[in-house]
Amino acid sequence: MSGRVLVGVKRVIDYAVKIRVKPDNSAVVTDGVKHSMNPFCEIAVEEAVKLKEKKLVKEVVAVSCGPQQSQETIRTALAMGADRGIHVEVSGKDYESLGPLQVSKIMAALAKKEEAQFIILGKQAIDDDCNQTGQMTAALLDWPQGTFASEVSLEGDKVMVVREIDGGLETIRINTPAVLTADLRLNTPRYATLPNIMKAKKKKIANVKPADLGVDLTSRLEVLRVEEPPQRQAGMKVETVEDLVAKLRDAGKV
Amino acid sequence: MSALCKARKVLDLCLTGCRSLSQLAELPETHQLLRQTCRDYADRELAPIAAKLDKEHVYPAKQVKELGAMGVMAMEVPEELGGAGMDCLAYSLAMEEISRGCASTGVVASVNNSLYIGPVLKFGTEEQKKQWITPFTTGEKVGCFALSEPGNGSDAGAASTVARQEGEEWVLNGTKAWITNCWDASATVVFATTDKKLKHKGISTFLIPMPHPGLSLGKKEDKLGIRASSTANIILEDCRIPLNNMLGPRGAGFKIAMQTLDSGRIGIASQALGIAQASLDCAGDYAHKRSAFGAPIGKLQAIQFKLADMAVAIESARLLTWKASLLRDAKKPFTKEAAMAKLAASEAATFCSHQAIQILGGMGYVTDMPAERHYRDARITEIYEGTSEIQRLVIAGQILKEYQS
């Protein structure tokens, strides 16, 4: 086993920023807006680095697909402890229509090229909430998947994953190589230490084009319109339960 | 000097100038990442507890350890001694961001970095560095700096704490006042006179572990601001320390103190910037949310002018602080610039926190909003590590030297 982990990190609009829709309703405003690493990707990086610290894996490679600025996201992963990075350059219109299908094709191609033992991703990105990339990547590679992981432990050449599902917790045992996606309670990501931030500067980030990996970036989806959620309307007060039921019936809710 | 040599020197100067100037315009990538990391830490771990730390006068032990693990408690210490191995600009950025979350935590970090570790790093022997620096890099232990006395603050040359040699020991007697961190510290740098007749040239520097027989602490001062950091007297009564606890040569104490304070001023300037920025953040946010006369108050010119003045005060002080840092990193003289930075930043902090309360109105006066805490925290920045008046004297002294024919 190569002992190599690929971790996908996505550059998204920072979770604390107030999102604004462009006046032409084509997309969300991203110019000049603060971006950072997707929180679930942070958890994925932390898990990979933890595995390396426990000497269960040998190398952590951070991967990001996007424009020049994606390199900042990779550097953050390097500062957290990843060994090297791969920046898959996607920009302009291609980047606007980049989605889970293309990214999973890229991840699958890289996994074969790098002979990865694991791919660890965040369960979903906070901008599109797709929750698809991990699952699609596993399918393309025909690898087992442990998604929504809240606990991961390696047992020889198998992995035990505790998954957070609607009904509670599900424990599965899967073979390696495997795809894992990180859920919120998997770990608490570390703050990069300053010496690691300095070391990150020296770590390599390789530059790759999707064409080099034989990946076609054409999207099968077309975004028709982006709208803000409906504005919250004023409520009203009622005096009695009968009033409440009557109003609900009038509004067609019951 | 040959023409080629001269041309080379001019080119080098231009390049250094360009590098330094462009760093003032946009920080290098590592520094941006560092700044963001410290800001994230301050936003998530310090800002939410700052009010409680202040109200209950609680030393942030857990946070200091976490900052130590990140490298923030020993930023300019080389990695082999356990530090982060970064430069002065990085130190300034870190202090600003930490202080923006909690000014008390900022001063704990700044004193440890500049005033305690600083002189040992610069004037200590290799043995002393290992003994007195390495354990103080992790946040587990912090140090303090004892120069001021009840009888002299600005008049540092008039030290009345004495140190006499008795066999293989130094014996210290006297009282030091206003010592930041002392109730939480594990060591102190102390200035005492070894030759009273030589006046300020007779002062020497000593390292004392804490606790230690003969060293006791006065009561914790009940301060207006930075209440989560402890401040008290250090009382020395026949305090005996080994001969090799002297730092630097005999009689070099005043010089060591002044050089240490030069660097410390960059740390305090950065702390003041953090407080000023926090005040602006508070006021700017409020200007959007609070409505009066039918619109958010941010639409009113009176409020806009205040916000603009605050922003200009902060940005100018910040650039002065960065310039002082860059000069220090380039090993060029930086005394004047450090004094200017400290003066500008501390006055910006008091100005911005004052205006922030004004913008918040009644809400600025109550503890529900952080504006009142920034106002109280800001005030000390014009006093410690050299009062604003002393800074003016230092700056004037440098300027007059420049104009001397």
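About the cut-offs
Residues numbered from 1 in each chain as written. Chains lettered and ligands numbered in written order. Predicted model: local features only at pLDDT ≥ 70, side-chain atom pairs only at ≥ 80, totals over all residues. Heavy atoms only, no water. UniProt positions renumbered as here; feature names shortened; annotations may be inferred. Contact = heavy atoms within 4.5 Å. Buried area = accessible area lost by both parts, 1.4 Å probe. Salt bridge = Lys/Arg side-chain N within 4 Å of Asp/Glu carboxyl O. Polar contact = N/O pair within 3.5 Å; in protein donor to acceptor, adjacent residues only side chain to side chain. Helix = DSSP H or I, 4+ residues; strand = E, 2+ residues; numbered from the N terminus. Buried < 20%, exposed > 50% of the residue type's maximum accessible area, 1.4 Å probe, protein only. Axes fitted to C-alpha atoms, helices over the stretch in contact; angles between N-to-C directions. Parallel < 35°, antiparallel > 145°, perpendicular 65-115°, else oblique. Nonpolar A, V, L, I, M, F, W, Y, C, P; charged D, E, K, R; others polar. Core = buried A, V, L, I, M, F, W, Y, C linked by side-chain atoms within 4.5 Å.

Going by an unreviewed UniProt entry, chain B carries the name Short-chain specific acyl-CoA dehydrogenase, mitochondrial and comes from Crenichthys baileyi. The UniProt entry for chain B carries the following text under Sequence similarities (unreviewed entry): "Belongs to the acyl-CoA dehydrogenase family." The UniProt entry for chain B carries the following comment under Cofactor (unreviewed entry): "FAD".

Naming follows an unreviewed UniProt entry, where chain A appears as Electron transfer flavoprotein subunit beta of Crenichthys baileyi. Reading the Subcellular location (unreviewed entry) entry of the UniProt record for chain A gives the comment "Mitochondrion matrix". UniProt, in its Sequence similarities (unreviewed entry) section for chain A, records the words "Belongs to the ETF beta-subunit/FixA family."

A.B. asks: Hey, could you run me through the interface of chain A and chain B in this one?
C.D. replies: The parts lose accessible area when they come together, and the size of an interface is often stated as this lost area. Contacts between the two partners involve 14 residues from chain A, matched on the other side by 20 residues from chain B. Overall, the association of chain A and chain B removes approximately 1500 Å² of surface from exposure, summing both partners, and the carbon and sulfur fraction of that is 65%. A per-residue breakdown of the area chain A buries against chain B is headed by Tyr191, Leu194 and Ile197 of chain A, which together make up 47% of the total. On the surface where chain A and chain B come into contact, there are two salt bridges. Of the charged contacts, one joins Glu29 of chain B and Arg75 of chain A as a salt bridge, the two residues approaching to 3.2 Å between their closest N and O atoms. On inspection of chain A and its partner chain B, the count reaches three residue pairs in polar contact (both at pLDDT 80 or more). The set of elements that each furnish at least two residues to the side of chain A that touches chain B consists of α2 (70–80) and α6 (194–202) of chain A. In terms of residues, the side of chain A that touches chain B owes the most to one element, α6 of chain A, which gives six residues.

A.B. asks: How should I be thinking about the side chain of Thr37 of chain B in this particular structure?
C.D. replies: By the secondary structure assignment, Thr37 of chain B is in helix α2 (residues 29–56). Taking relative accessible area as the criterion, Thr37 of chain B reaches 8% and is therefore assigned buried. At 2.8 Å, the side chain of Thr37 of chain B forms a polar contact with the backbone oxygen of Leu33 of chain B. Filtering out sequence-adjacent residues up to four positions away, Thr37 of chain B remains in contact with Tyr191, Ala192 and Ile197 of chain A together with Met70 of chain B.

A.B. asks: What should I look at first to understand the packing of helix α4 (residues 88–101) of chain B against helix α5 (residues 103–123) of chain B in this one?
C.D. replies: The packing of two helices is summarised by the inter-axis angle and the distance between the axes. Residues and elements named next belong to chain B. The N-to-C vectors of α4 and α5 enclose an angle of 155°; their axes lie 6 Å apart at closest approach. On the basis of their axis angle, the class for α4 and α5 is roughly antiparallel. Here Tyr91, Met95, Ile98, Ser99 and Gly101 of α4 lie close against α5, whose contacting residues are Ala103, Thr105, Gly106, Ala109, Ser110, Asn113 and Ser114. Looking at the contact of α4 with α5 residue by residue, the class counts come to five nonpolar, seven polar and no charged.

A.B. asks: Is there a simple way to explain unusual backbone geometry in this structure?
C.D. replies: As a rule of thumb, non-glycine residues mostly have phi less than zero, and peptide bonds are mostly trans rather than cis. With an omega dihedral of 0°, the bond running from Thr176 of chain A to Pro177 of chain A counts as a cis peptide bond. With respect to the helices, strands and loops of the structure, Pro177 of chain A is situated in the loop between β9 (168–175) and β10 (178–182). Although it is not a glycine, Phe148 of chain A sits at a positive phi angle of roughly 55°. For Glu385 of chain B, which is not glycine, the phi dihedral falls at a positive 55°. Secondary-structure assignment places Glu385 of chain B in the loop between α11 (371–379) and α12 (388–403). Among the residues examined, Glu385 of chain B registers a relative accessible area of 10% and is labelled buried.

A.B. asks: In this structure, what is going on with the UniProt feature "domain: Acyl-CoA dehydrogenase/oxidase N-terminal" (unreviewed entry) in chain B? I would like to understand it.
C.D. replies: As annotated in UniProt, the feature "domain: Acyl-CoA dehydrogenase/oxidase N-terminal" (unreviewed entry) corresponds to residues 29–140 of chain B in the numbering used here. Helix makes up 71% of residues 29–140 of chain B and strand 0%, and the two end C-alpha atoms of the span are 30 Å apart.

A.B. asks: Hey, could you run me through the UniProt feature "domain: Acyl-CoA oxidase/dehydrogenase middle" (unreviewed entry) in chain B in this one?
C.D. replies: UniProt tags residues 144–239 of chain B as "domain: Acyl-CoA oxidase/dehydrogenase middle" (unreviewed entry). Secondary structure across residues 144–239 of chain B divides into 0% helix and 50% strand, with the first and last C-alpha atoms of the span separated by 17 Å.

A.B. asks: I keep staring at the nonpolar core and nothing clicks. Help me out?
C.D. replies: The nonpolar side chains of soluble globular proteins are, as a tendency, buried together. All names here are of chain B. The biggest cluster of nonpolar side chains holds 85 residues, and the ones touching the most others in it are Leu172 and Ile234. Excluding its chain neighbours within four sequence positions, the residues that come into contact with Leu172 are Val162, Ala163, Val190, Ala192, Phe206, Ile208, Leu236, Glu237, Asp238, Cys239 and Ile241. Residues Ala103, Val107, Ala159 and Ala276 belong to the second largest nonpolar core, which totals 58 residues.

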